[in-house]
Amino acid sequence: MKMYKINEFAHLVGRSVKTLQRWDLEKILIAHRNPKNRRYYTHDQYLTYIGLKADNTKKIIVYCRVSSSNQKADLVSQQKSIEQYCIARGYCVDEWIAEIGSGLNYNRKQFNRLIMDVEIGKIHKIIIAHKDRLLRFGFEWFENFAKRHGTVIEVMNHESLSPEAEMTKDLLSIIHCFSSRLYGLRKYKNNLNAIIKAKE
């Protein structure tokens, strides 16, 4: 269970430290105490504060993703595979999420909603076909983030299920991104040299 220092919790709920200290004394929102008698709060208290139940409403979510609309057949195949997986394990899935977008795009609408739901403790388990269905890079970070908020990420298949063309496209996107930055730096350097020469 995630715990917050009083200043962290104050920032989280949009109140001042003095207000939380007063609420604790008035038994409006009672803080926990560590061995040094310092106040701290739990994630369950945060969920209670914003009106959500910490445990009883947690869901099992299936998340599927492909990079482009011409891969819709792959998306359907991915969903069917996970459906069979869930039936075999007796999982009662609360929500199926299907999304089209690059694994390098961190602004995907459904993915960001997933992050928010994990953060407020609404999700018990996220089931995915493969790690890169969530993120092409940084899966371990997201997995640790989910654990800290009481969410388990279950990977159906630890071998890559991604089409080679999709991975190639993502890698080319990375190369393009860095080459554009390099071009920008070179242009900046050339402009700087030109200014220096003009002033000589």
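Please read all numbers here as calculations on a predicted model, not as lab measurements.

Turning to the packing of helix 1 (residues 6–13) against helix 2 (residues 17–25), a few remarks are in order. Direction vectors running N to C along helix 1 and helix 2 enclose 105 degrees, while the axes themselves pass 9 Å from each other. Here helix 2 runs roughly perpendicular to helix 1, going by the angle between their axes. Residues Ile6, Asn7, Phe9, Ala10 and Val13 of helix 1 form the contact with helix 2, whose own contacting residues are Val17, Leu20 and Gln21. By residue class, the composition of the contact of helix 1 with helix 2 is 6 nonpolar, 2 polar and no charged.

Looking now at the packing of helix 5 (residues 109–119) against helix 6 (residues 139–148). Their axes nearest at 8 Å, the elements helix 5 and helix 6 cross at an angle of 35 degrees. Residues Phe111, Ile115, Val118 and Glu119 of helix 5 form the contact with helix 6, whose own contacting residues are Phe142, Phe145 and Ala146. Partitioned by chemical class, the residues of the contact of helix 5 with helix 6 number 6 nonpolar, no polar and 1 charged.

Turning to the sheet that holds strand 5 (residues 95–100), a few remarks are in order. Taken in spatial order, the 4 strands line up as 5-4-6-7 in an open sheet, and their pairing is parallel. In this open sheet, the two edge strands, each paired with only one partner strand, are strand 5 and strand 7 (152–155). Adjacent strand axes in the sheet meet at a mean angle of 25 degrees, parallel and antiparallel pairs treated alike. Strand direction decides the pairing type here: strand 4 (residues 59–66) and strand 5, joined by 6 bridges, are parallel. Within strand 5, the position partnered with Val62 by the bridge is Trp96. Helix-sheet contacts for helix 5 involve strand 4, strand 5 and strand 6 (123–128), and the interaxial angle to strand 5 is about 140 degrees.

Our next topic: the pairing of strand 4. Most of strand 4 sits inside the fold, with 7 of its 8 residues counted as buried. In this sheet, strand 6 lies alongside strand 4 in parallel orientation, the contact comprising 4 bridges. Its bridge partner lying in strand 6, Lys59 is registered against Ile123. Note that the unit made of strand 4, helix 4 (residues 72–89) and strand 5 has a crossover that is right-handed.

A separate point is helix 1. Within helix 1, the full set of buried residues consists of Ile6, Phe9, Ala10 and Val13. All buried residues of helix 1 lie within an arc of 105 degrees about the axis, which places them on one face of the element. On its buried face, helix 1 sits against strand 1 (3–5), helix 2, strand 3 (39–42) and helix 3 (43–49). Backbone geometry just downstream of helix 1 places Gly14 in the positive-phi region, at approximately 75 degrees.

This next bit is on helix 6. Those residues of helix 6 lying buried are Phe139, Phe142, Phe145 and Ala146. Along helix 6, the residues classed as buried sweep out an arc of 125 degrees about the axis, all on the same side. Looking at helix 6, the residues exposed on the side facing more than 90 degrees away from the buried face are Trp141 and Lys147.

Calculation criteria
- Residues numbered from 1 in each chain as written.
- Predicted model: local features only at pLDDT ≥ 70, side-chain atom pairs only at ≥ 80, totals over all residues.
- Heavy atoms only, no water.
- Axes fitted to C-alpha atoms, helices over the stretch in contact; angles between N-to-C directions.
- Helix = DSSP H or I, 4+ residues; strand = E, 2+ residues; numbered from the N terminus.
- Parallel < 35°, antiparallel > 145°, perpendicular 65-115°, else oblique.
- Contact = heavy atoms within 4.5 Å.
- Nonpolar A, V, L, I, M, F, W, Y, C, P; charged D, E, K, R; others polar.
- Pairing = 2+ DSSP bridges.
- Buried < 20%, exposed > 50% of the residue type's maximum accessible area, 1.4 Å probe, protein only.
- Right-handed = clockwise from strand over helix to strand, strands pointing away.
- Arc of directions from axis to C-beta.

Just distances and angles here, no functional claims.
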